[in-house]
2 protein chains.
Amino acid sequence: MVSYVVYGRGSFNQLDEILAPRRVGKSPMIFLLDHFFQNKPLADRIPLGPHDKIIFADVSYEPKTKQVDALATQLKQEFGTVSGIIGIGGGSVMDLAKAVSLMMNNPGSSADYQGWDLVKYPGVYKAGIPTLSGTGAEVSRTTVLTGPTRKLGMNSDFTPFDQIVLDPELTINAPANQRFYTGMDCYIHCIESLTGTFLNEFSKSYGEKALNLCQEVFMGEGDWGPEHDDKLMMASYAGGMSIAYSQVGVAHAVSYGLGYLLGTKHGVGNCIVFDKLEEYYPEGVHDFKKMVDKNKIEIPQHITRGLSDEQFDTMINVSLGMKPLWENALGADWERKMTREKLRALFEQL
Amino acid sequence: MVSYVVYGRGSFNQLDEILAPRRVGKSPMIFLLDHFFQNKPLADRIPLGPHDKIIFADVSYEPKTKQVDALATQLKQEFGTVSGIIGIGGGSVMDLAKAVSLMMNNPGSSADYQGWDLVKYPGVYKAGIPTLSGTGAEVSRTTVLTGPTRKLGMNSDFTPFDQIVLDPELTINAPANQRFYTGMDCYIHCIESLTGTFLNEFSKSYGEKALNLCQEVFMGEGDWGPEHDDKLMMASYAGGMSIAYSQVGVAHAVSYGLGYLLGTKHGVGNCIVFDKLEEYYPEGVHDFKKMVDKNKIEIPQHITRGLSDEQFDTMINVSLGMKPLWENALGADWERKMTREKLRALFEQL
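J.: Hey, could you go over the pattern of salt bridges for me, with residue numbers and the actual values?
T.: All names here are of chain A. In this structure the tally under the stated criterion is 40 salt bridges over all chains. One salt bridge in this structure joins Asp-117 and Arg-141, with 2.9 Å as the shortest N-O distance. Residue Asp-117 is located in the loop between strand S5 (115-116) and strand S6 (125-130), and its partner Arg-141 is located in the loop between S6 and strand S7 (144-146); the two are separated by 24 residues in the primary sequence. A relative accessible area of 48% places Asp-117 in the partly exposed class. Judged by relative accessible area, Arg-141 falls into the partly exposed class, the value being 31%.

J.: Can you explain the sheet that holds strand S7 (residues 144-146) of chain B? Please cite residues and give values.
T.: All names here are of chain B. Taken together, 3 strands build an open sheet; the order of strands is S5-S8-S7 and the sheet is mixed. With one partner strand each, in any of the chains shown, strand S5 (115-116) and S7 form the two edges of the open sheet. Of the pairings in the sheet, the one linking S5 to strand S8 (residues 151-155) comprises 2 bridges and is parallel in character. Considered in S8, the bridge of Gly-115 is made with Met-154.

J.: Describe the confidence of the model for chain A, listing the residues and the values that go with them.
T.: Per-residue pLDDT for chain A averages 96, and the proportion of residues at 70 or more is 100%. Across the interface, the model reports ipTM at 0.91; the global pTM reads 0.94.

J.: An account of helix H3 (residues 65-79) of chain B is requested, with residue identities and associated values reported.
T.: Residues and elements named next belong to chain B. Here H3 is 15 residues long and its end C-alpha atoms lie 21 Å apart, about the 21 Å a rise of 1.5 Å per residue gives. Residues of H3 that are buried include every one of Thr-65, Val-68, Asp-69, Leu-71, Ala-72 and Leu-75, and no others. Looking straight down H3, one finds its buried side chains confined to an arc of 165°; they lie on one side. Seen from the buried face of H3, the exposed residues on the opposite side, beyond 90 degrees, are Lys-66 and Gln-77. Buried residues in H3 make contact with strand S2 (29-34), strand S3 (53-57), strand S4 (84-89), helix H4 (91-103) and S7. Downstream of H3 by one or two residues, Gly-80 has phi in the positive range, about 75°.

J.: Go over the relation of the copies chain A and chain B, please, and point to the residues and values.
T.: Under the fitted operation, chain A is carried onto chain B by 0.0 Å of movement along the axis and a turn of 180°, and the coordinates agree to an RMSD of 0.0 Å. Such a combination of rotation and displacement between the chain copies is what one expects of a two-fold axis. Of the C-alpha atoms belonging to chain A, the one lying closest to the rotation axis is found on Ser-3 of chain A, 2.7 Å away. A high fraction, 100%, of the interface residues of chain A reappear at the interface in chain B, so the copies pair face to face through one surface.

J.: Explain the environment of Leu-15 of chain A residue by residue, including any values.
T.: Residue and element names in this part refer to chain A. Within the secondary structure layout, Leu-15 lies in helix H1 (residues 15-19). Of the residues examined, Leu-15 reaches a relative accessible area of 0% and is grouped as buried. Taking the C-alpha atoms as reference, Leu-15 lies 16 Å from Met-94; in sequence the two are 79 residues apart. Ignoring sequence-local partners within four residues, the contact set of Leu-15 consists of Phe-31, Pro-47, Ile-129 and Val-165.

J.: Could you give an account of the packing of helix H5 (residues 176-194) of chain A against helix H7 (residues 226-242) of chain A, with specific residues and numbers?
T.: All names here are of chain A. Direction vectors running N to C along H5 and H7 enclose 40°, while the axes themselves pass 9 Å from each other. Between H5 and H7, the interaxial angle falls into the category oblique. Considering the relative orientation of H5 and H7, their crossing is left-handed. Here Arg-179, Gly-183, Cys-186 and His-189 of H5 lie close against H7, whose contacting residues are Leu-232, Ala-235, Ser-236, Gly-239 and Ser-242. Considering only residue class, the contact of H5 with H7 consists of 3 nonpolar, 5 polar and 1 charged.

J.: I'd like a rundown of the pairing of strand S4 (residues 84-89) of chain A, residues and numbers included.
T.: Residues and elements named next belong to chain A. Of all 6 residues that make up S4, 6 are buried, and the element is covered over most of its length. The alternating pattern of S4 places Gly-84, Ile-86 and Ile-88 on one face and Ile-85, Gly-87 and Gly-89 on the opposite face, and all of these are buried. With 6 bridges joining them, S4 and S6 adopt parallel strand pairing. Looking at the pairing, Ile-86 lines up with Ala-127 of S6.

J.: Give me the interface of chain A and chain B: which residues, what numbers.
T.: In this assembly, 24 residues from chain A lie in contact with 24 residues from chain B. Summing both sides of the interface, chain A and chain B together bury roughly 2,100 Å²; the carbon and sulfur share of this comes to 55%. It is Tyr-7, Glu-201 and Lys-209 of chain A that lose the most area in chain A upon contact with chain B, and together they represent 25% of the buried surface on that side. Taken together, chain A and chain B are joined by 2 salt bridges. The partner of Lys-209 of chain A in a salt bridge is Glu-208 of chain B, with the nearest N and O atoms 2.5 Å apart. Here chain A is connected to chain B by 12 residue pairs in polar contact (both at pLDDT 80 or more).

J.: Talk me through the packing of helix H11 (residues 309-320) of chain A against helix H14 (residues 340-349) of chain A; I want residue IDs and the actual numbers.
T.: Residue and element names in this part refer to chain A. It is at 10 Å that the axes of H11 and H14 come closest, and there the two elements cross at 115°. Regarding the angle of H11 to H14, the classification is roughly perpendicular. The interaxial crossing formed by H11 with H14 has right-handed handedness. Contact residues: Asp-309, Phe-312, Asp-313, Met-315, Ile-316, Asn-317, Ser-319 and Leu-320 in H11; Arg-340, Leu-343, Arg-344, Phe-347 and Glu-348 in H14. The residue inventory of the contact of H11 with H14, partitioned by class, reads 6 nonpolar, 2 polar and 5 charged.

The rules behind each value
- Residue positions are given per chain, counting from 1 as you read along its sequence in written order.
- For this description, chains carry letters from A and ligands carry numbers from 1, given in the order in which they are written.
- Only residues with pLDDT of at least 70 get local features here, since the model is predicted, and only at 80 or more are side-chain atom pairs given and counted; chain-wide, interface and lining totals rely on the full set of residues.
- Water and hydrogen atoms play no part in the side-chain values, which are based on all heavy atoms of the structure.
- We count a salt bridge whenever a side-chain nitrogen from Lys or Arg sits within 4 Å of a carboxyl oxygen from Asp or Glu.
- Numbering of helices and strands runs from the N terminus, with a helix taken as a DSSP run of H or I at least four residues long and a strand as a DSSP run of E at least two residues long.
- Exposure categories follow from relative accessible area, calculated using a 1.4 Å probe and restricted to protein chains: below 20% of the type maximum is buried, above 50% is exposed, and the middle band is partly exposed.
- Here, strands pair whenever DSSP counts at least two bridges between them.
- The predictor attaches a confidence to each residue, called pLDDT, with possible values from 0 through 100.
- For a helix, the expected span equals 1.5 Å multiplied by the number of residues minus one.
- In this context, the arc is that of the directions from the helix axis out to the C-beta atoms.
- Contact criterion: two residues are considered in contact whenever any of their non-hydrogen atoms come within 4.5 Å of each other.
- C-alpha atoms of residues with pLDDT of at least 70 in both copies form the basis for the least-squares superposition of the copies.
- For helices, the fitted line uses only the C-alpha atoms of the stretch in contact; every axis is such a line through C-alpha atoms, and the angle between N-to-C directions lies from 0 to 180 degrees.
- Orientation is classified from the angle alone, with under 35 degrees giving roughly parallel, over 145 giving roughly antiparallel, 65 to 115 giving roughly perpendicular, and any other angle giving oblique.
- Here is the rule for handedness: rotate from the far helix to the near one, and if that takes an anticlockwise turn smaller than a right angle the crossing is left-handed, while a clockwise turn gives right-handed.
- Charged residues are taken to be Asp, Glu, Lys and Arg, nonpolar residues to be Ala, Val, Leu, Ile, Met, Phe, Trp, Tyr, Cys and Pro, and polar residues to be all remaining types, Gly included.
- By buried area we mean how much accessible surface two parts lose on assembly, using a 1.4 Å probe and totalling the loss over both.
- Polar contacts, as counted here, are pairs of nitrogen or oxygen atoms within 3.5 Å of one another; within protein the pair requires one atom able to donate a hydrogen and one able to accept it, and residues that are adjacent in sequence qualify only if both atoms are side-chain atoms.

The structure is reproduced here in structure tokens:
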């Protein structure tokens, strides 16, 4: 787990103090900043030391192993080594920061480490500072990467951040639809894990808390305010913690198919799928639709219209490959329940 | 925070595997086991290596700095150094294990480090395995010790365990009254912090979850079963996490007075006090009384009967010394609200 956690409005202002004891000689701190913040005030608030560097990370697409390898190579060539990698942004930036930190100290390509407990050495010091709430990437022991052969995380004990700074003020300017999609990443995860067959009290406690917070934030009365940012940041944290002993379900399995073929991003992809899953999660989808209405969000429709049979087959293959997700959702005999025909019909609705 | 957390029924069986990578040469693992387990099967389930040692810890009284120093000195004399200290028991044993681990690597007496961030060096590897749920000692960054001049913790970034093993099966044989008093440690903490003036969303989220779990466990229908042990262990964990950004209140401030003069243990002391605090925590005390009835627990009464004026003064002085607790409970002008006379009247009711 993450060893150092700071939570509080304005805690970003403590960053200089937090990083000071982690600086090693003249080796720089590298700030990976979401390109969303280019020409925004946050970039100027970063406590840059004389040797430090800000790199704007283009996360128009989710992180790729090639992108991770290129960044690590660039930093090694420029600096030899670095004091630390500080990821500031949404889930993609945080995953990128974790992966680059690991690749500063591990040989080869990040693609070699996609899987479970393959990473050999601890990375350089790494800190995560979320500016969007919901992914749980700030506390997870993985970093989801698209590689040459698969989309899979570097899951290891070395993967979690050493430090996270949870400052809800940083999420204040998030675009409403992005904030919603990312918040729903947390909500949908909770619904899938709490109704699933894999769960223990640890993950249940965290999942229930995250779910309640999401409901308060997105279904409660009144306009969006600072207390919503506070709660959603805690929902994300609790949701991320609940992943430890739980598993996701149908929405994630189907959404992976969309992501693989169409590049649909995780948050919005989950929303597109979950919107059509009344059969599997009746209560959860009922509330989801209420939240969509209340927050005046438009969920993209008909994104699979006009795809070829071959393309549908690709998505179906990717999706059915996520066996543990299906088993969690539908039980050991899931293959009888989720046939290719049934899944095709579901993809056609999206 | 604790870097490695395992939660699950039967996870104690993984202890050998968990400790293996932490063994340094022939240096032993030291298992500090609650004396409650003398001649009980748990002692035989400890994965003892050829050089390891079990020490039964007498926790009839809460840990003292003298006891910590004596244990650390004994271990240094016998082994030079050790691979780790594994505390297995209730809050006192866990605090003892944390403190002994620190004193293996820090010079002088543990009394020198009572306070905030005074500990100079990390301790030896330390793991905590609770067999009673409620104290939160498994996750806290302190270890409460009674020293020559004060009862105060060694609060530091080096204090938390490196690893905790949360196995609810281990709590199955706890005596019902002990289980209740320790569970109420968590409940009372939550009431005090959630109604206090110091709190942020991090601590609120954890505190609310811990409170809900305590209510489910102690107020729910039906007899005590494994799911109660599961939930109470998570309540303790969440309650411990909520301490980060919150503060306790009247019950703790008054209970410290009892503990100082009469040696009343923390859990039962809090119950004795909280039972009389309708004025400050009306809802919390109402539910507390229900839980006492439902669980058929007898709260000791009249423990201050016959004390001298001087003794009452001692308790009042200790209690009023806990300024942040009073301020959290009663606000900045607490001194006008809680006079010596009023506090004396409260102590006389106990």
